[in-house]
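An overview of the molecular structure
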Amino acid sequence: FIWDAMGVRQTRNNNGEPNNVLAMSFYPNEAEPLWSTYSTQAIAHTINIYGRMAFPYPYPSAQSVNGPVGGMEYPMITFNGPRPVKDNKGNITYTDRVKYGLISVIIHEVGHIWFPMTVNSDERQWTWMDEGLNTFVQYIAEQEWSDDYPSRRGDPRDLTEYMVGENQVPIMTQSDSVLQLGNNAYGKPATALVILRETIMGRENFDRAFREYSMRWRFKRPTPADFFRTMEESSGVDLDWFWRGWFYSTDHVDIALTAVREGTIDTQNPSIEANRRIAERDARPVEHGVARVADIDKIIELHPELKDYYDSVDPLADTQSEREAAARALAALTQDERAVLARSEKIYVISLENKGGLVMPVILKFTFADNSSQIVEIPAEIWRQNAKNVNWSFMTLKTLTSVELDPRQETADADRNNNYFPPRIEPSRLQIFKEKGPRNQMRDNNLTVAPNTTQTSSAKEK
Ligand SMILES: [Zn+2]
């Protein structure tokens, strides 16, 4: 076994006193060059990120040992499996999946020393309390390792297929009865917390509350209610609706944009309003059968003596008394009230339907005729009085041309075909042939690495 170690400097609680953790890795030559490159660095990164999100690492050392299991956690020591492969010519290669799998499993198993070994929830009762919270912080650590880090869990888009599926139980199910443990206890709670942090509470509120929970329950035994309560108490945000939907139900997110209507403010000026009504009427096509008799001679043309006042006045035209009444009303208005009538904004009414069951914030991207766009974030409280259908309106001087719901794809909305107005077909690619196993780009490009370096060179001929 090779022994690799480094000191990780961290600041101990509150008093700012520095302290060092010894990060150590143990692995055989067969694990090279992956392990001496990544293992100890992954431990150090975990100590930094979990230290920031929860509390400083509470023990003197943290270890990662290469062994036959995929990944397993113990206090201060973890066992992690991924290794490179060697072909019969002696070429050493590894897939991207093995590389990121190694970094991720080390972050995950070392992360367990916080959850549940220090924040000591009961994993036999509530697996999500350690696996879910740990997978959530793991996702943050992964995304701070490199751009486009291929995290397995955490991105809301990756969870939608599971959430619309039939074979599932709520997160708040005692662990022995959980179906699809990986999605139920790891993926869904981790994604729920990503959404809670990024879309619902905001990072500042969320991070303070999450740290408060972690600190408050260090070396103690929290139950789910302790987590729910601390997140609400520390942030002052009522999250009952969120826990109820995401943790106590199997509903999914699917909000539909069902209609967009445009209106303008009534000017209270009878002549202007009459002309607008007349123009609207004249813009409508003449009924088909009526259009066909448009050119024949009508009775009143053959007998002009039958025409009276009503053959000459437009039934929608304004009248003398309406104009006088409006003038009196206008004279009685204050200057501010008159200014409102003079506004030329359009009013858009957006109709939304909650098809999936989970209430969520509504994020709308408006695109206008001048090609400018604007994103509006409406809190989930919009659903408070009607969790099924709501209308939301806004005023603008611009002309709206299209609306997109959840443009950053951050809410785990499962059906994006109903997220556009006017409707748009969401592209998808039908896969006719099954994918062959994971690619080994290193091997497939005839490259190899050596035990002492991740630098690639040409492979020996096969
Ligand atoms: Zn785990």
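Residues numbered from 1 in each chain as written. Predicted model: local features only at pLDDT ≥ 70, side-chain atom pairs only at ≥ 80, totals over all residues. Heavy atoms only, no water.

1. Here's the deal with the domain arrangement of the protein
Counted only if it meets this: These domain boundaries are the output of an automatic or database domain assignment. Between two residues, a contact is recorded if the distance between any of their heavy atoms is within 4.5 Å. Once two parts are joined, some of their accessible surface, as seen by a 1.4 Å probe, is lost; buried area is that loss totalled over both. Any Lys or Arg side-chain nitrogen located within 4 Å of an Asp or Glu carboxyl oxygen qualifies as a salt bridge. Polar contacts, as counted here, are pairs of nitrogen or oxygen atoms within 3.5 Å of one another; within protein the pair requires one atom able to donate a hydrogen and one able to accept it, and residues that are adjacent in sequence qualify only if both atoms are side-chain atoms. What counts as a helix is a DSSP run of H or I of at least four residues, what counts as a strand is a run of E of at least two, and both are numbered from the N terminus. Throughout, the ten residues Ala, Val, Leu, Ile, Met, Phe, Trp, Tyr, Cys and Pro are labelled nonpolar, Asp, Glu, Lys and Arg are labelled charged, and all others, Gly among them, are labelled polar.
The assigned domain composition of the protein is domain 1 (2–248), domain 2 (255–260 + 345–421) and domain 3 (266–341). Between the C-alpha centres of domain 1 and domain 2 the distance comes to 34 Å. Between domain 1 and domain 2, the contact holds twelve residues from the first and 13 residues from the second. Here domain 1 packs against domain 2, burying approximately 1100 Å² in sum over the two surfaces, 73% of which is carbon and sulfur. The interface formed by domain 1 and domain 2 contains zero salt bridges. The interface formed by domain 1 and domain 2 includes one residue pair in polar contact (both at pLDDT 80 or more). Listed by contribution, the elements that provide at least two residues to the side of domain 1 that touches domain 2 are α4 (160–164), α5 (181–201) and α8 (240–248). Ranked by residue count, the leading element in the side of domain 1 that touches domain 2 is α5, at four residues. Residue composition of the side of domain 1 that touches domain 2, grouped by class: seven nonpolar, three polar and two charged.

2. Re the sheet that holds strand β5 (residues 77–80)
Counted only if it meets this: When DSSP finds two or more bridges between two strands, those strands count as paired. With axes taken as lines fitted to C-alpha atoms, and helix axes fitted only over the stretch in contact, angles between N-to-C directions fall between 0 and 180 degrees.
Reading across the sheet, the five strands line up as β1-β2-β3-β5-β4 and stay open at both edges, with mixed pairing between neighbours. Edge positions in the open sheet fall to β1 (2–11) and β4 (71–74), since each of these has one partner strand only. Shown here is a sheet whose adjacent strand axes are inclined to one another by a mean of 15 degrees, direction ignored. By the bridge criterion, ten bridges tie β1 to strand β2 (residues 18–27) in an arrangement that is antiparallel. Within the sheet, the bridge partner assigned to Arg 9 lies in β2 and is Asn 20. Packing of helix α2 (residues 96–111) onto the sheet brings it into contact with β3 (61–66), β4 and β5, and relative to β5 it is tilted by some 150 degrees.

3. Examining α5
The α-helix winds at 3.6 residues per turn, so residues separated by three or four positions along the chain end up facing the same way. Counted only if it meets this: Each residue is assigned a bend, namely the angle between axes fitted to the seven residues that terminate at it and the seven residues that start at it. Remark: exposure states derive from per-residue accessible area (1.4 Å probe, protein chains only) relative to the maximum for the residue type, with buried under 20%, exposed over 50%, and partly exposed in between.
Where α5 bends most, the angle comes to about 30 degrees, and this point is Gly 187, followed within four residues by the proline Pro 189. Burial analysis of α5 places 16 of its 21 residues in the buried class, the great majority of the element. Looking at the residues trailing α5, positive phi occurs at Gly 202, about 90 degrees.

4. Examining the side chain of Gln 10
Relative to the helices and strands, Gln 10 is located in strand β1. Only 2.8 Å separates the side chain of Gln 10 from the backbone oxygen of Tyr 57, close enough to count as a polar contact.

5. Considering the sheet that holds strand β9 (residues 346–354)
The three strands lie next to each other as β8-β9-β12, forming an open sheet whose pairing is antiparallel. Because the sheet does not close on itself, it has two edges, and the strands there are β8 (255–264) and β12 (389–396). Direction aside, the axes of adjacent strands within the sheet are offset by 20 degrees on average. As defined by bridge partners, β9 adjoins β12 across eight bridges and the pair is classed as antiparallel. Bridging from a neighbouring strand, Glu 353 pairs with Asn 389 of β12.

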